[in-house]
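# Structural overview
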Amino acid sequence: MKNHDSASASSSEPLLDLAALRADTPGCEAVIHFNNAGAGLMPRPVLQVMLDHLRLEAAIGGYEASAARAAEVADFHASIAELLGARPGNIAFAGSATHAYTKALSAIDFRPGDVILTTRNDFVSNQIAFLALRKRHGVIIVHAPDHPDGSGVDVDAMAGLMRTHRPRLVAATHVPTNSGLVQPVAEIGRHCRELDLLYLVDACQSVGQYPIDVEEIGCDLLTATCRKFLRGPRGSGFLYVSDRVLEAGYEPLHIDMHGARWIAPGYYRPVDTAARFEEWEFPYATVLGCAAAVRYALRVGVAPVARRTPTLAARLREQLAAVPGVRTLDRGAAPAALVTFAIEGWEAGPFKAAMDMRGINSALSYREFAQFDFADKEVEWCLRLSPHYYNTEDEIDTVAGAVAELARNAR
Ligand SMILES: Cc1ncc(COP(=O)(O)O)c(C=O)c1O
C-alpha cells in the first residue's frame, strides 16, 4: 500500500495508505476505537467474506457451503502458517486463545510435583489454568522474578530456575493484557531449546502487532486470537504446534473424530498434523473471516504495522504522562500499543462511561486480571487504551485531551 506515513520508513519497507485503510474500516466513521487489545475493527473484506458465507449456508446448506469453500477454509491454516513462519500442518483452529491454550495444556501428562515455570505477567486465565492443574494434579507453579530495571521477567533468573527445577512446562505471555510490557520471549526460548524444555507462548496481544516467527522464538506451542491486532472476528483463536511436539505424540485429552481416526473398536490414531487439536465442528464463516483478516494483515505488511502501532501508543503515553492526576503504568524500554494508566478522583465504571460518552472505546483492567503487576504498581484498576495502525495522530490527541479534561473534572 502507498505511503502517507513515510517519516521513518526504510525505502525497502511496504508503506501504509492510511486514508485507504480507514475507508476500508466501517467502524472508523463511528467511533474512536482504542480497544484493539479487546477486539480490532474488522476491515470490509473480512466482514464481506463472513456475510457471503452465511448467505451461502442459508442458500445451499451448511455442509455444502463449507465443501464449496474448501480451498478458502484451508487458507486459514496456510495464511497463519505464513504469518508465523510455520507449515499449515502446524496450525489448529480454536474458538478463542484460551481454548487453544487449554487444549495445549491438556496434552501434557502432568504428574504431582511437576513444575510449571512462568512469569509474574502471564495472562490471568493462564494463571488460573495453572492453579487448576495444581488443584487436580499437584503441579508446582514457579514464577520467575522480574528484572529490577522494569524490563519484564529476569531471563537469567528464569534460566537458573529452568536448570534447578527442570520444569515440565515453561510458559510466557509475550504482551500481557494488563500493560504494554513486551516480554523477551525469544531469549526465554533460547534457554528452553538449549535445555530441551517444553515451551508455550501466549502471543494473543502481539500477533498482528509485531512480526512473530515461531522458529526465532523457539517455542513448541503458541496461542493467539484473530480478533485483536489481526482484526478478525470474535470467537476465533489458533494454536501453533511444532513438528517436535507433533512427532513426540502429544495429543489433547479430549480428541475427536476430526483429530483422530477410530481404526479398530479399541483403538484410535491421532492425525499427523495439528488438526489433532481441532474439533470436527467449525464456525466456517468465522474461519473464513480469520483467513481474510490474516491475508489482509499480510498485505498491509507486518513491518510497517509494527513500526506505526507502538509509535502511536508512545505518543499517547507521553501526552497522558503530562496530565496532572494521571499515572501511566507501562514498563519496559519499548512498550507495545497497550497504554494503561491510573487516574485520581475517579471510579472505574464512571470513568470508562465518561470515555464512552465521548465516543472513545477503551477497556478496564482490574487487580484480579493482574495480581502481581497491579500489586507492584499499587493500583486496583486502570484504563487501557490500545490504538492500532489505522488510528490517527489526531485521534491520539483527541483522546489525550478527553482524559485531561476528565482529570481536571475529577472529584
Ligand atoms: C495476553 C492475552 N492472552 C490471552 C487472552 C485470551 O484470549 P481469548 O479471549 O481469545 O481467550 C487475552 C485476552 O485478552 C490476552 O490479552
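The structure contained in this document is the topic of the report that follows. Note that the structure is a prediction, hence the values are computed from the model and not measured.

The rules behind each value
- As a convention, each chain's residues are numbered from 1 in the sequence order in which they are written.
- This being a predicted model, a pLDDT of at least 70 is required before a residue's local features are given, and a value of 80 or more before pairs of side-chain atoms are given or counted; all residues contribute to the totals for chains, interfaces and linings.
- With hydrogens and water stripped out, all remaining heavy atoms of the structure feed into the side-chain values.
- Here a helix means four or more residues in a row that DSSP labels H or I, a strand means two or more in a row labelled E, and each is numbered from the N terminus.
- When a residue's accessible area, from a 1.4 Å probe over protein chains only, is under 20% of the maximum for its type it is buried; when over 50% it is exposed; and in between it is partly exposed.
- In the analysis that follows, any N or O atom pair within 3.5 Å is treated as a polar contact, provided that within protein one partner can donate a hydrogen and the other can accept it, and provided that, for residues neighboring in sequence, both atoms belong to side chains.
- Each patch is built from residues lacking any salt bridge and having more than 30% relative accessible area; the joining distance is 9 Å for like charges and 5 Å for nonpolar side chains (Val, Leu, Ile, Met, Phe, Trp, Tyr).
- Note on areas: Shrake-Rupley with a 1.4 Å probe; residue coverage comes only from the protein chains shown.
- Here, a salt bridge means any Lys or Arg side-chain nitrogen found within 4 Å of an Asp or Glu carboxyl oxygen.
- Being near a molecule or strand, for a residue, comes down to having at least one heavy atom within 4 Å of it.
- Just so you know the grouping, Ala, Val, Leu, Ile, Met, Phe, Trp, Tyr, Cys and Pro go in nonpolar, Asp, Glu, Lys and Arg go in charged, and all remaining residues, Gly too, go in polar.
- What makes two strands pair is DSSP finding at least two bridges between them.
- Lines are fitted to the C-alpha atoms to define the axes, a helix being fitted only along its stretch in contact, and any angle between axes, read from their N-to-C directions, falls within 0 to 180 degrees.
- We call two residues in contact when some of their heavy atoms are within 4.5 Å.
- Within this scheme, the nonpolar core is defined by two criteria: the residues are buried Ala, Val, Leu, Ile, Met, Phe, Trp, Tyr or Cys, and they are joined through side-chain atoms within 4.5 Å.
- A crossover counts as right-handed when, viewed with the strands pointing away from the observer, the path leading from the first strand over the helix to the second turns clockwise.

## So, the environment of arginine 193
For arginine 193, the position within the fold is in helix α8 (residues 185-195). By relative accessible area, which is 25% here, arginine 193 ends up partly exposed. Linking arginine 193 and leucine 316, residues 123 residues apart in sequence, is a C-alpha distance of 38 Å. A distance of 3.2 Å separates the side chain of arginine 193 from the backbone oxygen of leucine 197, its partner in a polar contact.

## Details of a nonpolar patch on the surface
On the surface, Leu47, Leu51 and Leu54 cluster together to form a nonpolar patch covering roughly 230 Å² of accessible area. Checked against the element boundaries, leucine 47 lands in helix α2 (residues 44-60). Residue classification places leucine 47 among the partly exposed residues on the basis of a relative accessible area of 35%.

## A few points about the site of the ligand
Every one of the 13 residues lining the ligand counts as a neighbour, but Thr98, Asp202, Gln205, Arg227 and Lys228 are closest to it. Here an oxygen atom of the ligand sits 2.9 Å away from a polar atom, N or O, in the main chain of alanine 97. One of the side-chain N or O atoms of aspartate 202 is found 2.6 Å from a nitrogen atom in the ligand. Against a free-state accessible area of 390 Å², the protein chains account for coverage of 89% of the ligand. Each residue belonging to the shell around the ligand can be placed in one class, and the counts come to four nonpolar, six polar and three charged.

## Some remarks on the sheet that holds strand β6 (residues 199-202)
Strand order across the open sheet formed by seven strands is β2-β8-β7-β6-β5-β3-β4, with mixed pairing between neighbours. The open sheet has two edge strands with one neighbour each: β2 (91-94) and β4 (140-144). The mean inter-strand angle of the sheet, taken between neighbouring strand axes irrespective of direction, is 20 degrees. The pairing of strand β5 (residues 169-173) with β6 spans four bridges and is classified as parallel. When the bridges of β6 are listed, alanine 171 appears paired with leucine 200. Its contacts with the sheet place helix α4 (residues 70-84) against β2, β7 (221-224) and β8 (237-241), and it is angled at close to 115 degrees to β2. Together, β3 (115-119), β4, β5 and β6 form the strand contacts of helix α6 (residues 124-137), whose direction differs from that of β3 by roughly 160 degrees.

## Brief notes about the nonpolar core
Counting residues in hydrophobic clusters, the biggest one holds 47 residues, and the most contacted among them are Phe76, Leu84, Ile188, Tyr199, Leu222 and Phe238. Looking at this core element by element, the count peaks at seven residues for helix α11 (residues 284-300). Ignoring sequence-local partners within four residues, the contact set of isoleucine 188 consists of Val153, Val155, Met158, Met162, Val170, Ala172 and Tyr199. Membership of the second largest hydrophobic core comes to 37 residues, among which are Tyr210, Ala313, Leu364 and Leu383.

## Brief notes about the side chain of threonine 119
Mapped onto the elements, threonine 119 comes out in strand β3. Setting aside residues no more than four positions away along its own chain, threonine 119 makes contact with Gln127, His143, Ala144, Val153, Met158, Ala171, Ala172 and Gln183.

## Focus on the environment of aspartate 154
Mapping aspartate 154 onto the fold places it in the loop between β4 and α7 (155-165). Residue classification places aspartate 154 among the buried residues on the basis of a relative accessible area of 17%. Residues aspartate 154 and glycine 95 lie 59 residues apart in sequence; the distance between their C-alpha atoms is 33 Å. Within polar-contact distance, the side chain of aspartate 154 engages the backbone nitrogen of aspartate 156 at 3.2 Å. From its side chain, aspartate 154 meets the backbone nitrogen of alanine 157 in a polar contact 3.1 Å long.

## Some words on the pairing of β6
Side chains of β6 alternate between two faces, with Tyr199 and Val201 and Leu200 and Asp202 buried alike. This β-α-β element, β5 to α8 to β6, shows right-handed connectivity. As paired strands, β6 and β7 are joined by three bridges and run parallel to one another. Note that in β7 the partner of leucine 200 across the bridge is leucine 221.

## Things to note about unusual backbone geometry
Note: most residues except glycine have negative phi, and most peptide bonds are trans. Not every positive phi belongs to a glycine, and aspartate 196 is a case in point at roughly 55 degrees. On the secondary structure map, aspartate 196 appears in the loop between α8 and β6.

## So, the sheet that holds strand β15 (residues 381-385)
Spatial strand order, β11-β12-β15-β14: four strands in an open sheet with antiparallel pairing. Looking at strand neighbours, the two that pair on one side only are β11 (326-328) and β14 (363-366), the edges of this open sheet. Taking each pair of neighbouring strands and ignoring which way they run, the sheet shows an average axis angle of 35 degrees. With three bridges joining them, strand β12 (residues 339-343) and β15 adopt antiparallel strand pairing. The residue bridging phenylalanine 341 from the neighbouring strand is leucine 383, located in β15. Packed on one face of the sheet, helix α12 (residues 302-321) meets β11, β12 and β15 and runs near 15 degrees to β12. On top of the sheet, helix α13 (residues 348-357) reaches β12, β14 and β15; it is set at about 20 degrees to β15, its chief contact.

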